[in-house]
Amino acid sequence: MEYWNPRIEKIPADELRKMQYKLLKMLVYRLYNFSPYYRRKFKKHNITPDDIKNCEDVSKLPFTYKKDLRDNYPDKMFAVPQQEIVRYHVSSGTTGKPTIVAYTQQDINLWTESLARSLTACGIGRGNIIQISYGYGLFTGGLGLHYGAERVGASVIPTGTGNTERQIELMQDMKVNSIACTPSYLIHMAEKAENLGISIKNDTNLKIAILGAEPWSEKTRQRIEDELGIDAYDIYGMSEFNGPMFTECSEKSGIHIWGDHMLVEVVDPKTGEVLEEGEEGELVVTTLQKEALPLIRYRTGDITELYQDLCECGRAHQRIARIKGRADDMLIIRGINVFPSQIEYVLMQTREVGKHFQLVVERDGALDKMTVRVEVSTEAFSDKINDMIALKNRIKDRLKHFLNINTEVELLEPGSLPRFEGKAKRIIDKREF
Ligand code: DLL
């Protein structure tokens, strides 16, 4: 078992908790005294640093929302003078203005440390040749992973997104054995390779993929691993708290959140009430050491749960379950809550379907109607109408059985849905609210 920073990674749970308490107390003290934004907010909620007597007291602090970052655009939430800032990234944001995030040198160092631990836990280090096919630039994925991979001593090929044929050529020529990108882009790359007569499994050295930035299901992991002959690890993060930061370890059972960097809670998305470990809700993070843009109880919008048991890998740092989707991604179809990732899970259990799908939601009179548009795999695609009708009905039945929703299913020829180099866009919601 490899550790990047064994002293911190193998710290016993109670010592970690003590460390988190000290860091939280220092954070509240610092923000109360030096951040005009948080000082105002704490005063409004009658909070002083003396109110923090243990880690659980984090729940006394007010939440921070994406809206706060938007309302304070571009820099009113920064807690250091501009001279201390060495980097900015911009979070795309699907609606409204983007948000700007800032980093001091120390923030970059901590981000890099976090990724160094995570990449090591995924088996990446000196000797690995890693292709980074996340976007470089304003998106945090490319540069974040780049710094982390260099820190662990891997040889980095900073391909960024796009120019897929070139990427495949480099993968072969440079004997790339690991890659970081979105799961949808890796699937796209594998298809493109196949069209060029190249099998990722047999004709390249690829062995490890660090996949994230969008929801993907356990079934999709299994298919990627089997078809490409690799180990695929989930990586999570968001621009507001640096970017990509946390991954699974070799156990592949939950994403470790480095507790000295972040204090996490899971709350009921509607009431904000703190939930027990094992209960599903919205992830809330408090950044314990960030300087330029510290966040107190930031509502990520991501749905997950905290695992209770200790991980076999020996790290006491808390794990979260694979992200199910965003609270705002959740579709309510005739009153039933559905996450696109659940539909993906059901689809990927059906051997005859390919890996690309799209969900179209519209109003049919007063009722919601959802159409699952999914590509059939090249092997299973057939002109025999009866075969295709049988497959369609099988998928409909499974969706009904697992998710209790009635859907229309549309089977499509392989290659007919759009492909994405970054995050996939899978939902088309035509309803008007
Ligand atoms: O996507 C940072 C990142 C880059 C993460 C590379 C992993 C790898 P944003 O663009 O700010 O940052 O988007 C953050 O993406 O709140 C989640 O909803 C979603 N997301 C990120 N990772 C995962 C994942 C980057 N592993 C938003 N599974 C987050 C599911 C994910 N959703």
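The structure displayed is predicted, hence computed values, not measured ones.

A few words on a negative patch on the surface. On the surface, Glu-273, Glu-276, Glu-277 and Glu-279 cluster together into a negatively charged patch. Here Glu-277 is to be found in the loop between strand 10 (262-267) and strand 11 (281-287).

Turning our eyes to something else, we now look at helix 7 (residues 164-173). Three or more residues of helix 7 are buried, namely Thr-164, Gln-167, Ile-168 and Met-171. With its buried residues spanning 100 degrees around the axis, helix 7 presents them on a single face. Immediately downstream of helix 7, the backbone of Lys-175 shows phi near 55 degrees, a positive value.

The next subject is the domain arrangement of the protein. Interface size is commonly expressed as the accessible area that is lost once the parts come together. Annotation of the protein at the domain level lists domain 1 (1-327) and domain 2 (336-429). Listed by partner, the interface residues are 24 residues for domain 1 and 21 residues for domain 2. Approximately 1,900 Å² of surface area, both sides summed, lies buried where domain 1 meets domain 2, with 55% of it carried by carbon and sulfur atoms. Contact with domain 2 buries surface across domain 1, with Lys-219, Arg-223 and Lys-324 losing the most and accounting together for 31% of the total. Here domain 1 is connected to domain 2 by two salt bridges. The tally of links from domain 1 across to domain 2 stands at 11 residue pairs in polar contact (both at pLDDT 80 or more).

This part is about the pairing of strand 19 (residues 408-412). Across five bridges, strand 18 (residues 367-376) lies against strand 19 in parallel orientation. Within the sheet, the bridge partner assigned to Glu-375 lies in strand 19 and is Leu-412. Crossover handedness for the path strand 18 to helix 12 (residues 385-403) to strand 19: right-handed.

The subject of this paragraph is the environment of Ile-323. When you line up the elements, Ile-323 lands in the loop between strand 13 (319-320) and strand 14 (325-326). Given the relative accessible area of 12%, Ile-323 is considered buried. Taking the C-alpha atoms as reference points, Ile-323 and Thr-304, separated by 19 residues in sequence, lie 5.2 Å from one another. The contacts of Ile-323, once residues within four sequence positions are left out, are Pro-215, Tyr-236, Asp-302, Ile-303 and Thr-304.

We now examine the sheet that holds strand 11. Taking strand neighbours across the sheet as the criterion, the four strands line up as 10-11-12-14 in an open arrangement whose pairing is antiparallel. On the outer flanks of this sheet lie strand 10 and strand 14, each paired with one strand and no other.

Enumeration according to the criterion identifies eight aromatic pairs in this entry. Ring centres 5.9 Å apart and planes at 35 degrees place the aromatic pair Tyr-38 and Phe-42 in the tilted group. A residue pair is termed a helical-turn pair when its members lie 3 or 4 positions apart in one helix, as Tyr-38 and Phe-42 do in helix 3 (residues 36-44) at four residues. For the residue pair Tyr-38 and Phe-42, the accessibility class agrees, reading buried in each case. Connected via pairs of aromatic rings, a cluster forms that spans Tyr-37, Tyr-38 and Phe-42. Above the face of the Tyr-147 ring, Arg-87 is positioned so that its terminal group lies 4.8 Å from the ring centre. When the ring centre of Trp-216 is taken as reference, the NZ or CZ atom of Arg-322 above it lies at 4.7 Å.

Close to the ligand lie 20 residues, the nearest being Asp-234, Ile-235, Ser-239, Asp-302 and Lys-423. Ser-239 places a side-chain nitrogen or oxygen 2.5 Å from an oxygen atom of the ligand. A distance of 3.1 Å separates an oxygen atom of the ligand from a polar atom in the side chain of Arg-326. Against a free-state accessible area of 610 Å², the protein chains account for coverage of 95% of the ligand. The element that contributes the greatest number of residues to the shell around the ligand is strand 7 (residues 231-238), accounting for five residues.

Counting residues in hydrophobic clusters, the biggest one holds 67 residues, and the most contacted among them are Leu-24, Phe-42, Leu-61, Ile-210, Tyr-236 and Phe-246. A per-element tally of this core places helix 2 (residues 13-34) first, with six residues. With sequence-adjacent residues up to four places away left out, Tyr-236 is seen in contact with Phe-241, Gly-243, Pro-244, Met-245, Phe-246, Ile-255, Leu-283, Thr-300, Asp-302, Ile-320 and Ile-323.

To continue, consider helix 10 (residues 218-228). Within helix 10, the full set of buried residues consists of Lys-219, Thr-220, Arg-221, Arg-223, Ile-224, Glu-225 and Leu-228. Of the surrounding secondary structure, the elements contacted by the buried residues of helix 10 are helix 8 (183-195), helix 9 (200-203), strand 6 (208-212), strand 7, helix 11 (340-348) and strand 17 (353-364). Once helix 10 finishes, Gly-229 follows within two positions and takes phi at roughly 65 degrees, a positive value.

Let's shift gears to the sheet that holds strand 20 (residues 427-429). Taken together, the four strands give an open sheet; going across it, the order is 19-18-17-20, and neighbouring strands pair in mixed fashion. Each having just a single partner strand, strand 19 and strand 20 make up the two edges of the open sheet. When strand polarity is set aside, the average angle formed by the axes of neighbouring strands in this sheet is 15 degrees. In the sheet, strand 17 pairs with strand 18 via nine bridges, with the strands oriented antiparallel. What sits directly across from Asp-364, in strand 18, is Leu-367. Most of the contacts of helix 11 go to strand 17, to which it runs at about 135 degrees, and overall it touches strand 17, strand 18 and strand 20.

What counts and how
Residues numbered from 1 in each chain as written. Predicted model: local features only at pLDDT ≥ 70, side-chain atom pairs only at ≥ 80, totals over all residues. Heavy atoms only, no water. Patch = residues over 30% accessible without salt bridge, like charges linked within 9 Å, V, L, I, M, F, W, Y side chains within 5 Å. Areas by Shrake-Rupley, 256 points an atom, 1.4 Å probe, with all protein chains shown as cover. Salt bridge = Lys/Arg side-chain N within 4 Å of Asp/Glu carboxyl O. Lys, Arg positive; Asp, Glu negative; His and termini not counted. Charge placed at Lys NZ, Arg CZ, Asp CG, Glu CD. Helix = DSSP H or I, 4+ residues; strand = E, 2+ residues; numbered from the N terminus. Buried < 20%, exposed > 50% of the residue type's maximum accessible area, 1.4 Å probe, protein only. Arc of directions from axis to C-beta. Domains from an automatic or database assignment. Contact = heavy atoms within 4.5 Å. Buried area = accessible area lost by both parts, 1.4 Å probe. Polar contact = N/O pair within 3.5 Å; in protein donor to acceptor, adjacent residues only side chain to side chain. Pairing = 2+ DSSP bridges. Right-handed = clockwise from strand over helix to strand, strands pointing away. Phe/Tyr/Trp six-rings, centres within 6.5 Å; stacked < 30°, edge-to-face > 60°. Lys NZ or Arg CZ within 6 Å of the ring centre and 35° of its normal. Near = heavy atom within 4 Å. Core = buried A, V, L, I, M, F, W, Y, C linked by side-chain atoms within 4.5 Å. Axes fitted to C-alpha atoms, helices over the stretch in contact; angles between N-to-C directions.

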